[in-house]
Amino acid sequence: LANSPDLRVSKALVEPRLTVGFPGTYRITVRNVGEISTSGVYTVSDRLPTGLTLAATPTGNGWACVGAAGASSFTCTSSTVLAASATGADAITASVNVAAAAATGAPLNNVVLVDGGGEIDARRPSVAERDAFNNNPGALPVCGSAASDNACRTPTTVQLASSVSGTVWYDV
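Rules used in this analysis
- Residues numbered from 1 in each chain as written.
- Predicted model: local features only at pLDDT ≥ 70, side-chain atom pairs only at ≥ 80, totals over all residues.
- Heavy atoms only, no water.
- Phe/Tyr/Trp six-rings, centres within 6.5 Å; stacked < 30°, edge-to-face > 60°.
- Helix = DSSP H or I, 4+ residues; strand = E, 2+ residues; numbered from the N terminus.
- Buried < 20%, exposed > 50% of the residue type's maximum accessible area, 1.4 Å probe, protein only.
- Lys NZ or Arg CZ within 6 Å of the ring centre and 35° of its normal.
- Contact = heavy atoms within 4.5 Å.
- Salt bridge = Lys/Arg side-chain N within 4 Å of Asp/Glu carboxyl O.
- Disulfide = S-S within 2.5 Å.

A. Structural view of the packing of aromatic side chains. With the rule as written, the count across this model stands at one aromatic pair. Look at Tyr42 and Trp63: their rings are 5.6 Å apart centre to centre, the planes differ by 85 degrees, and that puts the pair in the edge-to-face class. Of this pair, Tyr42 sits in strand β4 (residues 42-47) while Trp63 sits in the loop between β5 (52-54) and β6 (64-66), and the two are 21 residues apart along the sequence. Like Trp63, Tyr42 is buried. Here Lys11 stacks its cationic end above the ring of Tyr26, 5.4 Å away from the centre of that ring. A cation sits over an aromatic face here: Arg47 above Phe133, 5.8 Å from the ring centre.

B. Summary view of the side chain of Thr154. Looking at where Thr154 falls in the secondary structure, it is placed in strand β11 (residues 151-156). Using a relative accessible area of 8% as the deciding quantity, one classes Thr154 as buried. Setting aside residues up to four positions removed in sequence, Thr154 forms contacts with Lys11, Ala12, Leu13, Tyr26, Leu108, Asn109, Asn110 and Cys143.

C. Representation of the pattern of salt bridges. What the rule picks out here adds up to seven salt bridges. Ionic pairing is found between Arg123 and Asp6, a salt bridge with its closest N-O pair at 3.8 Å. With Arg123 in the loop between β10 (108-116) and α1 (127-135) and Asp6 in the segment before β1 (7-13), this residue pair connects regions lying 117 residues apart in the sequence. Of the two residues, Arg123 and Asp6, neither departs from the other in class, the shared state being buried. Note that Arg130 is salt-bridged to Asp115, the shortest N-O span being 2.7 Å. Note that Arg130 is positioned in helix α1 and Asp115 in strand β10, a separation of 15 residues in sequence. You can call Arg130 partly exposed: its relative accessible area is 30%. With a relative accessible area of 13%, Asp115 lands in the buried category. Because the salt bridges share partners, they merge into one network encompassing Asp6, Arg8, Glu35 and Arg123.

D. Here's a closer look at the state of the cysteines. Within this structure, the stated rule accounts for two disulfides. The disulfide bridge from Cys65 ends at Cys76, spanning 2.1 Å between sulfur atoms. Between Cys65 and Cys76, the S-S dihedral sits near 110 degrees, and the bridge is therefore right-handed. Of the two residues, Cys65 sits in strand β6 while Cys76 sits in strand β7 (residues 73-78), which places them eleven residues apart along the sequence.

Right, here's the structure in full:
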């Protein structure tokens, strides 16, 4: 398995939790844990859980992202060379809208997968990882702070928005 790039991905929620009716932000990073630099295009794919939709097309220097506002998934591609044992300098930032449906399934599992960049087949996401990404997010490992998996999930707590109303009287 030596002498090949080996891409790994991680994702983190910028806020401590999501709140219905308020935007949230995820940050995605890619790392090459292989012995040589990447070559060619690599792709990050992300599937948002029920109740989350993109607020806008994700962005990141060196990334070309596809996924419009209101979409529940997106992909970003890059051909920026990642040296062996290096983490990409530029993260992908994805802003999401949080609907009431998101609060019914908390914690939500937001999944991400990376593939390409000259990886040999043995280092690309496995059939099981791809199946979990598409059909069973809970089967993927939790994303760590360092990108260490081909595919992972970010369990996200969602809370309902609150408000205070009423009348206050002040008697003198």
